Amino acid sequence: MARKRERFERTDVPSPSPRRNAIGAVVCAAALAVAALVVVLVWNHVSQDTNLGDVSLGDAIGQQAAAPDAGEGYVATEGVSCTLLLTADSLDEQGATLSAARILAVNEAQGTASLVSLPTDLALTVDGGQTTLAELFSSEGYAACVVPVASAAGVSFSNVVLATSDVIEEAASLAGQGTADLVSSASGLLSRIRTNMDATGLLSLAESLSAIGVSNLSASDAPLVAETTTDEEGNAQETGRQVLDQTQLGLALGTLAPAN
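What counts as what
- Residues numbered from 1 in each chain as written.
- Predicted model: local features only at pLDDT ≥ 70, side-chain atom pairs only at ≥ 80, totals over all residues.
- Heavy atoms only, no water.
- Pairing = 2+ DSSP bridges.
- Helix = DSSP H or I, 4+ residues; strand = E, 2+ residues; numbered from the N terminus.
- Axes fitted to C-alpha atoms, helices over the stretch in contact; angles between N-to-C directions.
- Contact = heavy atoms within 4.5 Å.
- Core = buried A, V, L, I, M, F, W, Y, C linked by side-chain atoms within 4.5 Å.
- Buried < 20%, exposed > 50% of the residue type's maximum accessible area, 1.4 Å probe, protein only.
- Polar contact = N/O pair within 3.5 Å; in protein donor to acceptor, adjacent residues only side chain to side chain.

Caption draft 1: Examining the sheet that holds strand β9 (residues 218-221) more closely. On the basis of which strands lie adjacent, the open sheet formed by 6 strands has the order β8-β7-β2-β3-β4-β9 and mixed pairing. The open sheet has two edge strands with one neighbour each: β8 (193-195) and β9. Each adjacent strand pair in this sheet contributes to an overall mean axis angle of 20°, direction not counted. Of the strand pairs in this sheet, strand β2 (residues 80-88) and strand β3 (residues 98-107) are connected by 9 bridges, and their pairing is antiparallel. Paired with alanine 88 across the bridge in β3 is leucine 98. Packed on one face of the sheet, helix α3 (residues 133-140) meets β2, β3 and β7 (157-163) and runs near 105° to β3. Relative to β3, helix α8 (residues 199-212) is tilted by about 75°, and along the sheet it contacts β3, β4 (112-118) and β8.

This is how it looks when you write it as structure tokens:
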């Protein structure tokens, strides 16, 4: 009669540890934490990247009318690129407070650049209604300011930059960098601006500013004149508002020059 075989525990097989589940939980938690950190870092980079190539600013630039013809005795200067610089307390699309507005005009052929400051209470006319630059900025947003300011100034903007501080010197310092390194090397700057420019465009502007030298920018305040309207009898009357003197502004920016 066959004998029943006895069973013995093998000594070469490790027995399950009572701490295995706890160790597994710690490993899983650590993996999730690393994954969350990666997601946050990627999201931050993506968010910074979206500050470049702002669609609303790009659309606004495309809606500008052509710059008016130079007045009698003046000619338009070729090769001058104008950038509208807006400074506010936030990059929100609406509701932010405008603290400064400037026009940067760069003439690469001559190696010169001008920076003209606009008053934030600059009188504008939008859809037949009277407003100011600051009011329009706060109520309608930064993109809504592009066309009215271009029309008031008599220029056409190639680019627009919204920032929470003066970033001209920091932008100029980007010269010599590559587009692939822009997000990592200029994350601080990118987090404080919105612009229609892509990485290549921003670096191109940086190269121009660096070559000219920020200290060599010709800075001035925008020339203003009293706004006038014509009454029913054909008489000119002042409205009490100040508007841009387009001819003198064009001379300050270098977009106009006296005719020979």
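Here the narrative resumes.
Caption draft 2: Representation of the nonpolar core. Membership of the largest hydrophobic core comes to 35 residues, with the highest contact counts inside it found for Leu86, Ile103, Leu133, Phe137, Val149 and Phe157. The set of elements that each furnish at least two residues to this core consists of α2 (55-62), β2, β3, β4, α3, α4 (146-153), β7 and α9 (246-253). A total of 5 residues in this core trace back to one element, the largest contributor, which is β2. Ignoring any residue separated from it by four or fewer positions in sequence, one finds isoleucine 103 in contact with Cys82, Thr83, Leu84, Ser114, Leu115, Val116, Leu118, Ala153, Phe157, Leu249 and Leu253. Counting residues in hydrophobic clusters, the runner-up holds 27 residues, among them Leu85, Ala113, Val167 and Leu205.

Caption draft 3: Layout of the side chain of serine 114. Its place among the elements puts serine 114 in strand β4. Of note is the side chain of serine 114, whose polar atom sits 3.1 Å from the backbone oxygen of alanine 252. Dropping the residues within four chain positions of it, serine 114 is found in contact with Ile103, Leu104, Ala105, Ser218, Ala252 and Leu253.

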